[in-house]
Amino acid sequence: MSVPIARTSLSEEEIQSVLRPLRSGWLVQGPEVREFEEKWSAFTGAHHSIAVTSCTTALHLSLAALGFGPGDEAIVPAFTWIATANVVEHLGGKVVFCDIDLNTFNLDVNDAARKITSRTKAILPVHLFGLSAEMDSVIELARRHGLWVVEDAACGFGSTYQGQHVGTLGDTGCFSFHPRKAITTGEGGMITTQSVSLAEKLRRLRDHGAAMTDLQRHMGARPYLLADHPDAGYNQRMTDLQAALGAAQMGRAQAIIDERRRLAENYDQAFARLAWLKTPGHLPGYGHGYQSYPCLFQPEELSPHAIKRVNARRNEWMDTLQRAGISTRPATHAVHMLAFYRGKYGLKPEDFPMAYAANDCSISLPLFHGMTAEEQQYVVDHVLSYSG
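We now turn to the structure provided with this report. This is a predicted model, so every value here is computed, not measured. Here the residue index of a chain counts from 1 through its sequence in written order. Confidence filtering applies because this is a predicted model: local features only for residues at pLDDT of at least 70, side-chain atom pairs given and counted only at 80 or more, and all residues used for totals across whole chains, interfaces and linings. For side-chain calculations, the full set of non-hydrogen atoms in the structure is used, while hydrogens and water are omitted.

**Let's talk about the overall build of the protein chain**
In step 1: Only DSSP runs of H or I reaching four residues or more are called helices, and only runs of E reaching two or more are called strands; each is numbered from the N terminus. The number of helices and strands found in the protein chain is 15 helices and 13 strands.
In step 2: Only C-alpha atoms enter the radius of gyration, while the globule expectation follows 2.2 Å times N to the 0.38, with N the number of residues. What you see for the protein chain is a C-alpha radius of gyration of 21 Å, in line with the 21 Å of a compact globule of 388 residues.
In step 3: Expressed as a percentage of its 388 residues, the buried residues of the protein chain come to 56%.
In step 4: Carbon and sulfur atoms make up 52% of the accessible area of the protein chain, which totals about 16100 Å².
In step 5: When the 36 positive and 41 negative side-chain charges of the protein chain are each reduced to one mean point, those points stand 3 Å apart. Per-residue accessibility, obtained with a 1.4 Å probe over protein chains only, is compared with the maximum for each type, and a residue is labelled buried under 20%, exposed over 50%, and partly exposed between these values. Note that accessible areas follow from Shrake-Rupley with a 1.4 Å probe, and for residues the cover is restricted to the protein chains shown. We count Lys and Arg on the positive side and Asp and Glu on the negative side, and we leave His and both chain ends out. Charge coordinates come from a single atom per side chain, which is NZ of Lys, CZ of Arg, CG of Asp or CD of Glu.

**Describing the nonpolar core**
In step 1: Among buried residues, the Ala, Val, Leu, Ile, Met, Phe, Trp, Tyr and Cys ones that are joined through side-chain atoms within 4.5 Å form a nonpolar core. Grouped together as the largest cluster of nonpolar side chains are 78 residues, with contacts concentrated most on Phe-79 and Phe-97.
In step 2: Here the element with the most residues in this core is helix H4 (residues 55-66); it accounts for eight residues.
In step 3: Whether two residues are in contact is decided by their heavy atoms: any pair within 4.5 Å suffices. When neighbours within four sequence positions are excluded, Phe-79 is seen to be in contact with Ile-100, Phe-105, Leu-128, Phe-129, Ala-331, Thr-332, His-333, Ala-334, Ala-355, Ala-358, Asn-359 and Ser-362.

**A few points about the pairing of strand E4 (residues 120-123)**
The side chains of a regular strand alternate between the sheet's two faces.
In step 1: At least two DSSP bridges between two strands are required for those strands to pair. Of the strand pairs in this sheet, strand E2 (residues 73-77) and E4 are connected by three bridges, and their pairing is parallel. Each bridged residue has a counterpart across the sheet, and for Ile-75 the counterpart in E4 is Ile-123.
In step 2: Pairing between E4 and strand E5 (residues 148-152): two bridges, direction parallel. If you follow Ala-122 over to E5, its bridge partner there is Trp-148.
In step 3: If the strands point away from the viewer and the path from the first strand over the helix to the second runs clockwise, then the crossover is right-handed. Handedness of the crossover joining E4 and E5 through helix H7 (residues 135-145) is recorded here as right-handed.

**Overview of the packing of helix H11 (residues 253-270) against helix H15 (residues 373-384)**
In step 1: Axes here mean lines fitted to C-alpha atoms, for a helix over just the part in contact, with angles spanning 0 to 180 degrees between N-to-C directions. Closest axis-to-axis distance for the H11/H15 pair is 11 Å, and the angle between their directions is 25°. With respect to H15, the axis of H11 lies roughly parallel. Here H11 runs over H15; the crossing is right-handed. Note on element contacts: H15 touches H11 through Gln-376, Val-379, Val-380 and Leu-384, opposite Leu-263, Asn-266, Tyr-267 and Ala-270. Throughout, the term roughly parallel applies to angles under 35 degrees, roughly antiparallel to angles over 145, roughly perpendicular to angles from 65 to 115, and oblique to all others. We call a crossing left-handed when the near helix sits turned anticlockwise from the far one by less than a right angle, and right-handed when that turn is clockwise.

**Quick word on unusual backbone geometry**
In step 1: The backbone of Gln-29 shows a phi angle near 40°, a positive value even though the residue is not glycine.
In step 2: Take Gln-29: it is sitting in the loop between helix H2 (19-24) and helix H3 (31-44).
In step 3: With phi around 65°, Phe-129 is a residue other than glycine that occupies positive phi space.
In step 4: Tracing the chain through its elements places Phe-129 in the loop between E4 and H7.
In step 5: A relative accessible area of 4% places Phe-129 in the buried class.

**Regarding the packing of aromatic side chains**
Pairs of aromatic rings are described using the distance from one ring centre to the other and the angle between the two planes.
In step 1: Classification of ring pairs uses Phe, Tyr and Trp, with its six-membered ring standing for Trp, and accepts pairs whose centres are within 6.5 Å; under 30 degrees between planes counts as stacked, over 60 as edge-to-face, and the remaining range as tilted. For the coordinates displayed, the defined rule picks out 23 aromatic pairs.
In step 2: Taking the centre distance of 5.4 Å and the plane angle of 20° together, the rings of Phe-43 and Phe-157 count as stacked. Here the residue Phe-43 occupies a position in helix H3, and Phe-157 occupies one in the loop between E5 and strand E6 (160-161), the gap between them amounting to 114 residues.
In step 3: For Phe-157, a relative accessible area of 8% corresponds to the buried category.
In step 4: On the basis of an interplanar angle of 90° and a centroid distance of 5.7 Å, the ring pair of Phe-105 and Phe-129 is categorised as edge-to-face.

**Examining helix H14 (residues 353-361)**
In step 1: Taken across its nine residues, H14 has seven buried, putting it largely inside the fold.
In step 2: Every buried residue of H14 is listed here: Ala-355, Tyr-356, Ala-357, Ala-358, Asn-359, Asp-360 and Cys-361.
In step 3: Contact partners of the buried residues in H14: strand E12 (293-297), helix H12 (307-323) and strand E13 (362-365).

**A closer look at the side chain of His-48**
In step 1: Topologically, His-48 is positioned in strand E1 (residues 48-52).
In step 2: Exposure remark for His-48: the relative accessible area of 16% places this residue in the buried category.

**Concerning the environment of Glu-13**
In step 1: With respect to the secondary-structure elements, Glu-13 resides in helix H1 (residues 12-17).
In step 2: A relative accessible area of 65% means that Glu-13 is categorised as exposed.
In step 3: When the C-alpha atoms of Glu-13 and Leu-128 are compared, they prove to be 31 Å apart, with 115 residues separating the residues in sequence.

**Quick word on the sheet that holds strand E7 (residues 164-165)**
In step 1: Strand order in this open sheet of three strands is E7-E6-E11, and the pairing throughout is antiparallel. Each of the sheet's edge strands pairs with one partner strand only, and the pair in question is E7 and strand E11 (286-287).
In step 2: As paired strands, E6 and E11 are joined by two bridges and run antiparallel to one another. Of the residues in E11, the one forming a bridge with Tyr-161 is Tyr-286.

**As for the packing of H4 against helix H5 (residues 83-90)**
In step 1: Close contact between H4 and H5 brings their axes to 9 Å; oriented N to C, the two are set at 40°. When the interaxial angle is binned, H4 and H5 end up oblique. The element H4 and its partner H5 pack so that their crossing is right-handed. Contacts from Thr-56, Leu-59, His-60 and Leu-63 of H4 reach H5 at Ala-83, Thr-84, Val-87, Val-88 and His-90.
In step 2: Gly falls in the polar group here, along with every residue not listed as nonpolar (Ala, Val, Leu, Ile, Met, Phe, Trp, Tyr, Cys, Pro) or charged (Asp, Glu, Lys, Arg). By residue class, the composition of the contact of H4 with H5 is five nonpolar, four polar and no charged.

So, in C-alpha cells, the structure goes:
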C-alpha cells in the first residue's frame, strides 16, 4: 500500500464548477471571486474577505496596506514556512525571530515580548498546522506597544480561538489554498479583516491600485470609463476559475473539518501510550483544524546535545516508513536555519532552541480529506511497530 502525505479530493460537482467561468468568458476577479469571498466571510465571521493569488501575497498586501516599510521590524516565529519571513524582507523590513512553545509549535509570546524595539511595527502570529496561536496574549502585547497584528492563518481553515475563527482577531488574517490545505484552488489565498477602510485599500492594492474593479466598472452605467488609481498597487488578483473551485468546496466546509478532526482523533487514540511520540496538543478553548498531524519524535529528552542524535534516528524512521509506502515530512522548517536568513543575520540553530528541536525532531503523518480507514490503519500499524 502507498499512503501519501496529502491528497487532493474533489467531487465531480467541484470539478465541473470550473467550467462555469470558462463558458461565461469572465476569467479574472469577476462574479465567481465575489461569491467565494462572500462564502468565506459567512463561514469565518469576517466582515470582509479579499481573494488574492496566495497566502504569501495576502501577507505581503496586509503589511503594505498597513504601512509597513523599509527600516521597520516585524516579529516572526522562527518555526514557520519561509513565506512568513520573506514578506517582511520584500518590503524592506527586518525580520526579528522569536522562539516557539514546543508543546504547540506556535510562537512563544514571552520571547516575542523580549524582541520588541522602538522600530518594531508588526507581529505575525502563525496558527501552525491548524492550531491557533495564543491570541489573547498576542493582542495584549500588540496593544501595549502599538503594533499591527497580521495573522498567518495559512493552515487556519476551521481553526478557532475561544469560539472565534482565526483570521478575525488581528488587523488581518491570511489564508492559503495550496493543495495541502483543506480547501484548495491550486494556488490562491484570502485576506480577512474587520476594518472597512483596510479592506478598501487591500482591494485596491491587489488590483494595480484601481479605485474600482473591472467587475464594478463593467456593471456600472459607464463601463467604458477607466478607473482612477489612488495607489501604486500590484497584480495579485485571483482568477474566477480558482474562485469557482473554492466556492464549490465551501458547500461541504464543515464536513471537511469534521473528517479531519475524526482522523486526528483516531491517531490520538492509537498513539496515546507512546511516550516517544508526542501528538498534537489539545488546549481548552482552541478548535484545531488539523491542516496536518504534526508530532514530536522524542525517544529521549530533547536536550540541546541530544537533538542531532534524535534527528538521525528520526530520519532513519522516516526512511523506513517511506520504504513501506508511507510518506512523512518534518512538520515544517526553522526559518533561522535556512541559508538566506542564517547568512544575512548570522544566526545559529541554537539561537532559537525550541525551533531547532522542532525542525530536527518533528514528523507529520499522513492526514487528508478522503483518507480511507484502511490507509489510516496501515499508518497506525507501522507507527506502532517502531522499536527504535
